[in-house]
Amino acid sequence: MKVLIIFIFILICSFIASAEYIGSEACKRCHLKQYENFIQYSRMSRSWEAIEKMGDKISQDELKGCYQCHTTGYGKKGGFVSLKKTPHLKNAGCEVCHGPGKKHAETKNPKHIRRKFSLQICEPCHTEERIKAFRFKPLLYGGAH
């Protein structure tokens with residue numbers, strides 16, 4: 001029983017360690033068409049522009065409140081920290097919908113990336129209040145697919 005518990009602990013730890021964000025540029029290597037469509041059509045791919053526009057209009061604490069929706073993985077392991085430390089995660093990229101991509105990129109295994117979507121993925125940022133305030137509805141599969 002003790003061996004089983006240790007094995008499960010190691011398995012969980014290895015999964016957590018690999019659940020890191022790598023940025024949309026890393027997706028481009030294997031998913032060029034989707035990447036190009038995302039960059040061209042999705043407003044998420046340019047979400048940092050909103051942060052820059054608001055930079056001198058609100059406090060730094062208020063600005064950090066924007067990071068959860070306008071960057072990739074803010075507040076999560078391997079996610080956006082700052083423009084200086086994690087510039088590759090400054091926009092709301094592929095991994096916002098697909099989840100952390102490190103393990104998928106390393107293994108090329110589709111089991112290690114989210115492939116099925118629901119509105120629950122969009123709802124943390126696209127709340128009813130924000131949809132009214134910014135007149136922006138989430139588009140399931142919008143942009144890249």
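Relevant structure appears above.
Residues numbered from 1 in each chain as written. Predicted model: local features only at pLDDT ≥ 70, side-chain atom pairs only at ≥ 80, totals over all residues. Heavy atoms only, no water.

Engineer: Tell me about the state of the cysteines, and name the residues and values.
Structural biologist: Defined simply, a disulfide is a covalent bond joining two cysteines at their sulfur atoms. For the structure shown, the criterion picks out one disulfide. Across the disulfide from Cys69 sits Cys125; the S-S distance is 2.3 Å. Disulfide Cys69 to Cys125: torsion about the S-S bond roughly -100°, handedness left-handed. Here Cys125 lies in the loop between α8 (119-122) and α9 (128-134) and Cys69 lies in helix α5 (residues 60-70), a separation of 56 residues in the sequence. Per residue, the accessibility class of Cys69 equals that of Cys125, and both read buried. Cys94 takes part in no disulfide bond, and the closest cysteine sulfur to it belongs to Cys27, at a distance of 4.0 Å. Not part of a disulfide, Cys97 finds its nearest cysteine sulfur in Cys122, a span of 5.9 Å. (Disulfide = S-S within 2.5 Å. Helix = DSSP H or I, 4+ residues; strand = E, 2+ residues; numbered from the N terminus. Buried < 20%, exposed > 50% of the residue type's maximum accessible area, 1.4 Å probe, protein only.)

Engineer: Hey, could you go over the packing of aromatic side chains for me, with residue numbers and the actual values?
Structural biologist: Counted by the stated rule, this structure contains five aromatic pairs. Where Trp48 meets Phe80, the ring centres are 5.5 Å apart and the plane angle is 55°; that geometry is what we call tilted. Here Phe80 lies in the loop between α5 and α6 (94-98) and Trp48 lies in helix α4 (residues 48-54), a separation of 32 residues in the sequence. Take Trp48 and Phe80: they sit in the same class, and that class is buried. Plain terms: the ring middles of Tyr67 and Phe80 are 5.2 Å apart, the flat faces sit at 80° to each other, and that makes the pair edge-to-face. Of this pair, Tyr67 sits in helix α5 while Phe80 is found in the loop between α5 and α6, placing the two residues 13 residues apart along the sequence. Phe80 shares its class with Tyr67; the two are buried. Ring pairs connect the aromatic residues Trp48, Tyr67, Tyr74 and Phe80, which therefore count as one cluster. (Phe/Tyr/Trp six-rings, centres within 6.5 Å; stacked < 30°, edge-to-face > 60°.)

Engineer: Would you mind going over the environment of Arg46 in detail, with residue names and values included?
Structural biologist: The topology assignment puts Arg46 in the loop between α3 (32-41) and α4. Arg46 sits in the partly exposed class, given a relative accessible area of 33%. Apart from the residues within four sequence positions on either side, Arg46 is in contact with Ile39, Gln40 and Asn91. Among the polar contacts listed, one links the side chain of Arg46 to the side chain of Ser45, at a separation of 3.4 Å. (Contact = heavy atoms within 4.5 Å. Polar contact = N/O pair within 3.5 Å; in protein donor to acceptor, adjacent residues only side chain to side chain.)

Engineer: With reference to specific residues and values, describe the nonpolar core.
Structural biologist: By size, the foremost hydrophobic cluster in this structure holds seven residues: Tyr21, Trp48, Ile51, Leu63, Tyr67, Phe80 and Leu89. Of all the secondary structure elements, the ones that give two or more residues to this core are α4 and α5. (Core = buried A, V, L, I, M, F, W, Y, C linked by side-chain atoms within 4.5 Å.)

Engineer: Which residues make up the environment of Phe80, and what are the values?
Structural biologist: Residue Phe80 is classed as buried on the basis of its relative accessible area, which comes to 2%. Separated by ten residues in sequence, Phe80 and His70 have C-alpha atoms that sit 10.0 Å apart. With residues near it in sequence (within four places) discarded, Phe80 still touches Trp48, Tyr67, Thr71, Thr72, Gly73, Tyr74, Gly75, Thr86, Leu89 and Lys90.

Engineer: I'd love a proper account of the pattern of salt bridges, names of residues and values included.
Structural biologist: Per the counting criterion, the structure on display carries one salt bridge. Between Glu20 and Lys77 there is a salt bridge, with the nearest N and O atoms lying 3.3 Å from each other. Of this pair, Glu20 sits in the loop between α1 (2-18) and α2 (24-28) while Lys77 sits in the loop between α5 and α6, and the two are 57 residues apart along the sequence. (Salt bridge = Lys/Arg side-chain N within 4 Å of Asp/Glu carboxyl O.)

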